[in-house]
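Coordinate inspection notes
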Amino acid sequence: MPIINQPFQGQLGNILKTELSSDYRSFTIFSAFAQNSGVLRIKESLEKFNASGGTIKAFIGIDLDGTSYEALLNLFYLCDELYVIHSEDFSTTYHSKIYLLENSEKAWCAIGSNNFTGGGLWTNFESCYIQTYKRPKENNELEAIYSVIQKYIDPSYVCSAKINSIEDINTLLKANYISKEVTQRIDAVSKEISQKAKQKQNPLFGTEKVSIPAIISVQKRRKPLTKSKEPDRDIIITPAPAFANEQFWFEMRKSTGGSS
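Predicted model, so just to flag it, every value in this text is computed and none were measured.

What follows concerns the overall build of the chain. Along its length, the chain carries 7 helices and 10 strands. Counting only residues that meet the buried cut, the chain has 38% of its 260 residues in that class. For the chain, the proportion of contacts with a sequence separation of at least 24, taken over those separated by at least 6, is 74%. Per element, the accessible surface of the chain, about 15800 Å² overall, is 53% carbon and sulfur.

What follows is the structure, encoded as structure tokens:
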């Protein structure tokens, strides 16, 4: 496949969901950031992949407050192995974005700028290169990825930590390495308001309209016990829950004097 410039030549989230439904047996994720906006939109595909015998391994960064507590919780349940990557040197940021699918005969790999977030997989301007490889003949072309996997899973490597329990994620939260999404959204709104206040009233640019899958599940309405003139409808729509701590953010604006 060619270079994909999202959203103009496709969206990596949709491409990943298609590839996950193929006959691959392992899925490896490298991503600097992970948010529920990305994890929950691909959750069903990951569950089906796992249920069919596929294994999932993820290496997620926790720099710059880009990864949320909720996203790590959900990934812990979805992945066979989950690692977080971080260097205490502020001049060094874990910034990889690689998605690798493999079976005994072939490998599919996307490398680019796409984080494991709703924006990174669907709505942001992103670019990635997608390539397929014949295995084991072309395994040598994937050696650079295999070697860094071995580096990160090595217990002696001080910038990588395996998440073995929810308590490990809670420890990261208590130590302020990660934060909850409601806190991140408050900070994001404050930054957006500040940025808009600095800009001129007349914008210099237009807006790119990009679609993104909704995080919803549709349930069929139960048939009434008595006959009704109204037809049955499949329109009961409910938010798809996270595994833990689903939270919603409301901005009241004028109705309460601009409170959030």
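As a further point, take the side chain of Asn115. In this fold, Asn115 is placed in the loop between strand E6 (106-112) and helix H4 (118-123). Within the structure, Asn115 has its side chain in polar contact with the backbone nitrogen of Phe33 (distance 3.0 Å). For Asn115, the residues in contact, after removing those within four places along its chain, are Ser31, Ala32, Phe33, Lys97, Tyr99, Gly120 and Leu121.

So, about the side chain of Asn139. Relative to the assigned elements, Asn139 resides in the loop between strand E7 (126-134) and helix H5 (143-153). Overall, the relative accessible area of 17% leaves Asn139 in the buried class. For Asn139, the contacting residues outside a window of four places in its chain are Lys134 and Tyr146.

Further remarks concern the sheet that holds strand E5 (residues 97-102). Strand order in the open sheet formed by 8 strands is E1-E7-E6-E5-E2-E3-E4-E8, with mixed pairing between adjacent strands. Either end of the sheet is taken by a strand with one partner, and the two such strands are strand E1 (3-6) and strand E8 (160-162). For this sheet, the mean angle separating the axes of adjacent strands, direction not counted, is 15°. Bridging between E6 and E7 involves 7 bridges; their strand directions are antiparallel. By the bridge assignment, Ala107 is partnered in E7 with Tyr133.

A few words now on unusual backbone geometry. Here Gln6 and Pro7 are connected by a cis peptide whose omega angle stands at 5°. Considering the arrangement of structural elements, one finds Pro7 in the loop between E1 and helix H1 (12-20). With an omega dihedral of 0°, the bond running from Arg135 to Pro136 counts as a cis peptide bond. Along the chain, the position of Pro136 falls in the loop between E7 and H5. Phi is positive for Leu64, which is not a glycine, with a value near 60°. Here Leu64 shows up in the loop between strand E3 (55-61) and helix H3 (69-78). Judged by relative accessible area, Leu64 falls into the exposed class, the value being 65%. Look at Asn176: it is not a glycine, yet its phi comes out positive at around 65°. Residue placement: Asn176 occurs in the loop between helix H6 (166-174) and helix H7 (181-198).

This part takes up the confidence of the model for the chain. This prediction gives the chain a mean pLDDT of 86; 82% of its residues lie at or above 70. Low pLDDT (under 50) marks residues 218-250, which in the prediction has 51 contacts with non-local residues, meaning those over four places away or in another chain.

All right, on to the packing of helix H2 (residues 36-51) against H3 then. It is the contact of H2 with H3, at a shortest axis distance of 10 Å, that shows an interaxial angle of 5°. Classified by the interaxial angle, the pair formed by H2 and H3 is roughly parallel. Note on element contacts: H3 touches H2 through Glu70, Ala71, Asn74, Leu75 and Leu78, opposite Asn36, Val39, Leu40, Lys43, Leu46, Glu47 and Asn50. Considering only residue class, the contact of H2 with H3 consists of 6 nonpolar, 3 polar and 3 charged.

Before going further, it helps to examine the pairing of E7. Regular strands have side chains that alternate between both faces of the sheet. With 4 bridges connecting them, E1 and E7 associate as antiparallel partners. Paired with Asn5 across the two strands is Ser127, which belongs to E7.

Core analysis: the largest hydrophobic core is formed by 39 residues, its most contacted members being Leu12, Phe27, Leu72, Tyr99, Trp108 and Phe116. Setting aside anything within four residues of it in sequence, one finds Phe27 in contact with Leu16, Leu20, Leu46, Phe49, Thr55, Ile56, Lys57, Tyr99, Leu100 and Leu101.

Attention now moves to H3. Residue pairs spaced three or four apart in an α-helix point in one direction, given the helix's 3.6 residues per turn. Counting buried positions along H3 gives 8 out of 10 residues, so the element sits mostly inside the fold. Buried residues of H3: Tyr69, Glu70, Ala71, Leu72, Leu73, Asn74, Leu75 and Leu78, and no others. Considering only its buried residues, H3 is in contact with H2, E3, strand E4 (81-85), H6 and H7.

Quick notes on the rules
Residues numbered from 1 in each chain as written. Predicted model: local features only at pLDDT ≥ 70, side-chain atom pairs only at ≥ 80, totals over all residues. Heavy atoms only, no water. Helix = DSSP H or I, 4+ residues; strand = E, 2+ residues; numbered from the N terminus. Buried < 20%, exposed > 50% of the residue type's maximum accessible area, 1.4 Å probe, protein only. Contact = heavy atoms within 4.5 Å. Areas by Shrake-Rupley, 256 points an atom, 1.4 Å probe, with all protein chains shown as cover. Polar contact = N/O pair within 3.5 Å; in protein donor to acceptor, adjacent residues only side chain to side chain. Pairing = 2+ DSSP bridges. Axes fitted to C-alpha atoms, helices over the stretch in contact; angles between N-to-C directions. pLDDT = per-residue confidence, 0-100. Parallel < 35°, antiparallel > 145°, perpendicular 65-115°, else oblique. Nonpolar A, V, L, I, M, F, W, Y, C, P; charged D, E, K, R; others polar. Core = buried A, V, L, I, M, F, W, Y, C linked by side-chain atoms within 4.5 Å.

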